[in-house]
Each structure stands twice: as C-alpha cells, then as structure tokens.
Amino acid sequence: MSLILIFFYVVLGIASARLSIRLVLSTGYAFQRVDACRQHPTVSIIVPAYNEVMTIQKCLNSLVQLNYPQYEIVVVDDGSTDRTLDLVKAYASPKVKVISQPNRGKANALNTGFKQITSEIVVTVDADTLLHQDALQHIVKRFSSDRQLGAVAGNVKVDYEPGLLNALQAVEYTLGINLIRKTQSMLGCVMIVTGPIAALRRDAVERAGFFSEDTFS
C-alpha cells in the first residue's frame, strides 16, 4: 500500500471521527434543558445598515413583531447612498431609534449603537436578518441560566430561495457553522458569534474595548 493511500485513509478516518463527534454532541445539545425565562430584562437590538434598501424593511418588520415585553431597536445608518435612511426613518418611534453617521464601516456603526444604549443584553443583527418571534426569549434564557456567559451565538438559517447556490449556502450554514457551534457549545467553548445574530453582555464588550475596526471582515 502506497504512502499516499495510507495518508488518504488516515485523513478520511480523522474527518469521519470529527463528524461523528460533532453529530453526537449536537444531538446532545438538542436535548439540553434550559430553565424558562422568569425575568425579562430590557434587550437592545443594534442594526448596522449600509445601502440595504432591498432588505431593511423585511428586517425591521420582523424585529418590531418579536414576542418579548421589553426591548428597543437601534438602527445605525452608516452613510448609505441609496434610500436606506429614508426607509428606516419611517420606523422611528419610542421603540425604534434611528442614528445616521458618515460611512465608517460596520464595526464603527456597532460601536456607535453600543454607546447609545444601557441594556445589559445587546443583540446585533445584520440588515438582512429575519429573527424568529421567540428569539429574544431563547437568548435571555441562556443568559439567565449562566451569569458568567458573555455571548450567545444565534442559530442562523438561510432563507429558502430556488437555486443551486442558495441550496449550497444552506448546507454550509447547517454543517459548516451551526453544527460546529452546537458542538462547541456542549464543550463550553464557542469561539465566534456571527454577524447575522449575536447576543452579548454589554459590559463584556465595554471591557474588551468595543469592536475592533482593524479587521478584514
């Protein structure tokens, strides 16, 4: 047997073992018991937006209909050159705060939003994200069950649209992102919370010096 074939079988074995471990742990994650949410602290949702005229209305429509008693929405328009700001202003209310700034990038827009809120729990979402109606209930339950918890990664799914690329992206999110996050959660070591939905303790972000603007992504 050639060394190349041996190497192939070793790699295949390692990959199979990793996948098996992930499947077992993610299955265990599904059976985790989390106590019901007894308290409902105010939650702030920050939405950075730049030229999101195609998606911002759907996003905000989903956010204003969430099943949670106390939350606010802060939309930070990051110098959009299309009609994004005009569309967002139509949602302005005591519950929805609109901030406009020159284009400085997503990290800066998030930092601007963070400096406008006082809630202990902050959820950041992309301007094309649609949240499940009970998303905040599930997020707050996680934070309430562990006072040491600094962040919660949302379970991101790709909205169905016909086409091969959309199907491949859905598979990527299911196997390449959500499966890994559930495995890491069982081990207590989720390393990344993604942009589409990330929940964070405000004081943890402040102690970290807010979001770094020196990034590629």
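Structure's up top.
Let us look at the structure shown here. (Residues numbered from 1 in each chain as written. Predicted model: local features only at pLDDT ≥ 70, side-chain atom pairs only at ≥ 80, totals over all residues. Heavy atoms only, no water.)

### Let's talk about the environment of valine 152
Looking at where valine 152 falls in the secondary structure, it is placed in strand E5 (residues 151–153). Along the backbone, valine 152 and valine 123 are 29 residues apart, and their C-alpha atoms lie at a distance of 9.1 Å. Sequence-distant contacts of valine 152, defined by excluding residues within four places in its chain, comprise Arg142, Phe143, Val193, Ala198 and Ala199. (Helix = DSSP H or I, 4+ residues; strand = E, 2+ residues; numbered from the N terminus. Contact = heavy atoms within 4.5 Å.)

### Topic: the side chain of serine 62
Within the secondary structure, serine 62 sits in helix H2 (residues 56–63). In terms of polar contacts, serine 62 uses its side chain to reach the backbone carbonyl oxygen of cysteine 59, at 2.8 Å. For serine 62, the contacting residues outside a window of four places in its chain are Thr129, Leu130 and Leu131. (Polar contact = N/O pair within 3.5 Å; in protein donor to acceptor, adjacent residues only side chain to side chain.)

### Notes on the pairing of strand E1 (residues 43–49)
Moving residue by residue along a regular strand, the side chains alternate between the two faces of the sheet. With 7 of 7 residues buried, E1 lies mostly within the body of the structure. The alternating pattern of E1 places Val43, Ile45, Val47 and Ala49 and Ser44, Ile46 and Pro48 on opposite faces, both of which are buried. Across 7 bridges, the pairing between E1 and strand E2 (residues 71–78) is parallel. Residue pairing in the sheet places valine 47 in a bridge with valine 75 of E2. Taken together, E1, H2 and E2 constitute a β-α-β crossover, and its handedness is right-handed. Sheet topology note: the E1/strand E4 (residues 121–125) ladder contains 4 bridges and is parallel. Each bridged residue has a counterpart across the sheet, and for isoleucine 46 the counterpart in E4 is threonine 124. (Buried < 20%, exposed > 50% of the residue type's maximum accessible area, 1.4 Å probe, protein only. Pairing = 2+ DSSP bridges. Right-handed = clockwise from strand over helix to strand, strands pointing away.)

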